[in-house]
Amino acid sequence: MLKVKNNNLKEITDELASLASNPSERTLGLSPDMFLSEELATAELEQIFYKEWSCIGREDDIPNIGDFVTFKIGDQPIIVVRSADGSIRAMSNICRHRMMTVAEGHGNTRQFSCPYHGWTYSLEGSLVGAPHMTCSKNFDKEELSLRVLRCEIWHGWIYVSLMDEITSVADRLEQLEAIVQPYEMEHYVTVFVEDWEWNTNWKILCQNFMEGYHLPVAHRSTVGRNFPIEQTIFDSDGASEWFTYQCFLKPNDMAFGIAHPMNQRLIGPSRRTSVMPTVFPSHMYVLAPDHLWYLSLQPDGVGKVRMRYGAALAPEVIQYAENERTLVDEFKQLLDKTQEEDRLLVESIFENAKAPVSIAGPLSWLEREVHEFTQYLARKLA
Ligand code: FES
Ligand SMILES: [Fe+2]
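Residues numbered from 1 in each chain as written. Chains lettered and ligands numbered in written order. Predicted model: local features only at pLDDT ≥ 70, side-chain atom pairs only at ≥ 80, totals over all residues. Heavy atoms only, no water.

A few points about the domain arrangement of the protein
Then, number 1: Split into domains, the protein comes out as domain 1 (9–51 + 175–381) and domain 2 (53–165).
Then, number 2: A C-alpha centroid distance of 30 Å is found between domain 1 and domain 2.
Then, number 3: Domain 1 puts 25 residues into the contact, and the matching count from domain 2 is 24 residues.
Then, number 4: Summed over the three residues of domain 1 that lose the most area to domain 2, namely Tyr50, Gln298 and Arg308, the buried surface amounts to 28% of that side.
Then, number 5: For the pair domain 1 and domain 2, the interface holds 0 salt bridges. (Domains from an automatic or database assignment. Contact = heavy atoms within 4.5 Å. Buried area = accessible area lost by both parts, 1.4 Å probe. Salt bridge = Lys/Arg side-chain N within 4 Å of Asp/Glu carboxyl O.)

So this is what it looks like as structure tokens:
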């Protein structure tokens, strides 16, 4: 049966609600319309990304006073900076004069200077200089600070929200805390962070990263080797309103992904267990005893997704490395190759979602997180 593209938001969100209400052993993946609808993409920005926490990266990306990074939550550019008192702050990256973007990329600065007419802002966002404005009777420096945004640090992650009234990250992730705390990931040392953009819908990439079902097949030449999957993935009852996760028990003899001999924090099976949390909507990471790698996604329209992609190593892995540069280079090559394997998958799925006879099929029990993601989307959109 040929499919007619449906852009009716009500019908799509009704279908989403119906999918979400299925028991997980009788559910399906998201339907093609959910990846293609412009109306749904607008609703996702308004109902999800502008109202939730987004992960901007890691605290050690900006260790020194004046270090800053930029990021976009939907269409909203933001600056996150280590301010003069050492705390991390977030603010709108839009000049209060005529709305130019104030800062680009990342770096270190003593103050932010708008490239258009030179208005300057302190690290706290206060307007401290504005040339040739003395004749303007409606100019009041005190009223023209960059808009400050909610910012929270949680176990080394920086989260920002555009909402003033929002429950704290710590409250939302209280149950996750117990699971990740023994790893002490806040002490992991970031070894790279990059921004990438792929040609797919953000939800396809979310679904891809959060499930382990594809690892031994799609990643058999990279991170999926050595995964006898039914023994290695153990189903954790991970459902929560704000996150989900999956655990992997690695074989004893793996060279990568298990605790370093000098790791004193983890004991017993946790020394070879990785946790793979997804903090809704789009912060996902693999937390292994010796490393972590993460993606934080933002949609860029229906068919593009921006991602901040980074990785960190446990402190003892760095400390006892024979050659740190070689170690980091090989680690990055492995993750980059894995990323490329995923890119081909998720871009292909997006293209196929446009095909006249594409249709979503049933999920495996190894894709429980995918169904929980559907349920999260339904709570926000339906
Ligand atoms: S827009 Fe920034 S100084 Fe004019
Ligand atoms: Fe993958």
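From this point, the discussion proceeds with the structure in view.
Quick word on the sheet that holds strand β9 (residues 148–154)
Note on sheets: strands pair through backbone hydrogen bonds, and any given pair is parallel or antiparallel.
Then, number 1: A sheet is described by the order of its strands in space; here 7 strands give the open sequence β1-β10-β9-β4-β3-β2-β5, paired in antiparallel fashion. Taken across any chain shown, the strands that pair with only one partner, and hence form the sheet edges, are β1 (53–58) and β5 (106–108). Strand-to-strand twist across the sheet, computed as the mean angle between neighbouring axes with direction ignored, equals 30°.
Then, number 2: Alignment of strand β3 (residues 76–82) against strand β4 (residues 88–92), held across 5 bridges, turns out to be antiparallel. Along β4, the bridge assignment pairs isoleucine 79 with methionine 91. (Pairing = 2+ DSSP bridges. Helix = DSSP H or I, 4+ residues; strand = E, 2+ residues; numbered from the N terminus. Axes fitted to C-alpha atoms, helices over the stretch in contact; angles between N-to-C directions.)

A look at the packing of aromatic side chains
Each aromatic ring pair is specified by the distance between its two centres and by the angle formed by the two planes.
Then, number 1: Overall, the coordinates contain 15 aromatic pairs when judged by the stated rule.
Then, number 2: Ring geometry for phenylalanine 209 against tryptophan 293: centres 5.1 Å apart, planes inclined by 70°, an arrangement best described as edge-to-face. Taken together, the positions of phenylalanine 209 in helix α6 (residues 202–210) and tryptophan 293 in strand β16 (residues 291–299) put the pair 84 residues apart, joining distant regions of the chain. Each member of the pair, phenylalanine 209 as well as tryptophan 293, carries the same accessibility label: buried. (Phe/Tyr/Trp six-rings, centres within 6.5 Å; stacked < 30°, edge-to-face > 60°. Buried < 20%, exposed > 50% of the residue type's maximum accessible area, 1.4 Å probe, protein only.)

Observations concerning the pairing of strand β15 (residues 283–287)
Then, number 1: Across the 5 residues of β15, 5 count as buried, placing the element largely inside the fold.
Then, number 2: Residues His283, Tyr285 and Leu287 line one face of β15 and the alternating positions Met284 and Val286 line the opposite face, and both faces are buried.
Then, number 3: Relative to β15, strand β14 (residues 273–279) runs antiparallel, the two being bridged by 3 bridges. In the strand pairing of β15, valine 279 is matched with histidine 283.
Then, number 4: In this structure, the hairpin formed by β14 and β15 is closed by a connection of 3 residues.
Then, number 5: The antiparallel hairpin formed by β15 and β16 contains 3 residues in its connecting segment.

Concerning helix α11 (residues 368–381)
Then, number 1: Counted at 1.5 Å a residue, the expected span for α11 with its 14 residues is 20 Å, and the 20 Å between its end C-alpha atoms agrees.
Then, number 2: Those residues of α11 lying buried are Arg368, Glu369, Val370, His371, Glu372, Phe373, Thr374, Tyr376, Leu377, Ala378 and Leu381.
Then, number 3: Of the surrounding elements, those touching the buried residues of α11 are α1 (9–20), α3 (38–49), α6 and β13 (243–249). (Expected span 1.5 Å × (residues − 1).)

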